[in-house]
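# Examination of the molecular architecture
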Amino acid sequence: MSELEQKHLLIVYHSQSGRNERLAYAAYSAAIAAEPNVDVRLRRAAETGTRDVVWSDGLLLFFPENFGAIAGGMKDFLDRTFYPVLERNLIRPYAVFICAGNDGGNALSQFNRIAKGYLWRSVSEPIVVTGRPDEVVFQQARDLSTAFSTGLEMGVF
Ligand SMILES: Cc1cc2nc3c(=O)[nH]c(=O)nc-3n(C[C@H](O)[C@H](O)[C@H](O)COP(=O)(O)O)c2cc1C
């Protein structure tokens, strides 16, 4: 398969105390195992920019809710890339996973509004979990990324 045909999945995360980071790593490993032909890139939101979005065929985002809002690191990524993404018409499928403390609902509704502005299309129901992730939650992250990478490989999105 040529580099041009190969699909690219970008996993972006922000995490302060490690929960969303560990979930993103689990998603990364699962996506690679599921679809060796899909190139998967895992990036901390602070180190992710428009070039990564250009490279991607789909985005999977992990982040917490802080102060009833999208955590700052993820918001910064969205702030930095919004106009460059619109200018380049980078319409992408996405999925979102929020591991919050006891809510997460406000972060999700903020994110949904922002994603509409990007013209991005959701490929699955958003997942919002609270507290320290257990094995069930890790499996949700793996299942989500597996389904995403398989969908990309099959050209579903
Ligand atoms: C400054 C701060 C504000 C927070 N505010 C919220 C909040 O508004 N709602 C919520 O559900 N959790 C809140 N939390 C808890 C985090 O969302 C939660 O611990 C999350 O799982 C941390 O993810 P991380 O380990 O990937 O950083 C807050 C945590 C911090 C540090």
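Residues numbered from 1 in each chain as written. Predicted model: local features only at pLDDT ≥ 70, side-chain atom pairs only at ≥ 80, totals over all residues.

### Structural notes on helix H3 (residues 72-87)
- Here H3 contains 16 residues, and its C-alpha end-to-end distance of 24 Å stays within 8% of the 22 Å for a straight helix at 1.5 Å per residue.
- In the structure, H3 departs most strongly from a straight axis at Thr 81, where the bend amounts to approximately 45 degrees and where the proline Pro 84 lies between one and four residues downstream.
- When H3 is considered as a whole, its buried residues turn out to be Gly 73, Met 74, Phe 77, Leu 78, Thr 81 and Val 85.
- Against strand S1 (8-13), helix H2 (50-55), strand S3 (58-63), strand S5 (69-70) and helix H4 (105-118) lie the buried residues of H3.
- Just beyond H3, the residue with positive phi is Asn 89, at close to 55 degrees. (Helix = DSSP H or I, 4+ residues; strand = E, 2+ residues; numbered from the N terminus. Expected span 1.5 Å × (residues − 1). Bend = angle between axes of the 7 residues up to and from the residue. Buried ≥ 20, exposed ≤ 12 C-beta atoms within 10 Å, placed from the backbone. Contact = placed C-beta atoms within 7 Å.)

### Focus: the site of the ligand
- Within the structure, the ligand sits among 18 residues, and Ser 15, Arg 19, Asn 20, Pro 64 and Gly 101 are positioned closest to it.
- If you list the elements that add at least two residues to the shell around the ligand, you get helix H1 (19-34), strand S4 (65-66) and strand S6 (93-100).
- Top element by residues in the shell around the ligand is H1. It accounts for 3 residues.
- Class assignment for the residues of the shell around the ligand results in 4 nonpolar, 10 polar and 4 charged. (Near = placed C-beta within 6 Å. Nonpolar A, V, L, I, M, F, W, Y, C, P; charged D, E, K, R; others polar.)

### Some details on the UniProt feature "domain: Flavodoxin-like" (unreviewed entry) in the protein
- Sites flagged by UniProt as "domain: Flavodoxin-like" (unreviewed entry) map to residues 9-157.
- Within residues 9-157, the helical portion is 48% and the strand portion 23%, while the C-alpha atoms at the span's ends are 12 Å from each other. (UniProt positions renumbered as here; feature names shortened; annotations may be inferred.)

### Quick word on the environment of Gly 117
- Along the chain, the position of Gly 117 falls in helix H4.
- Assessed through the 11 C-beta atoms surrounding it within 10 Å, Gly 117 is described here as exposed.
- The sequence separation of Gly 117 and Phe 157 amounts to 40 residues, and the corresponding C-alpha distance is 19 Å.

### Details of unusual backbone geometry
- In this structure, Phe 67 takes a positive phi of about 50 degrees despite not being glycine.
- Structurally, the position occupied by Phe 67 is in the loop between S4 and S5.

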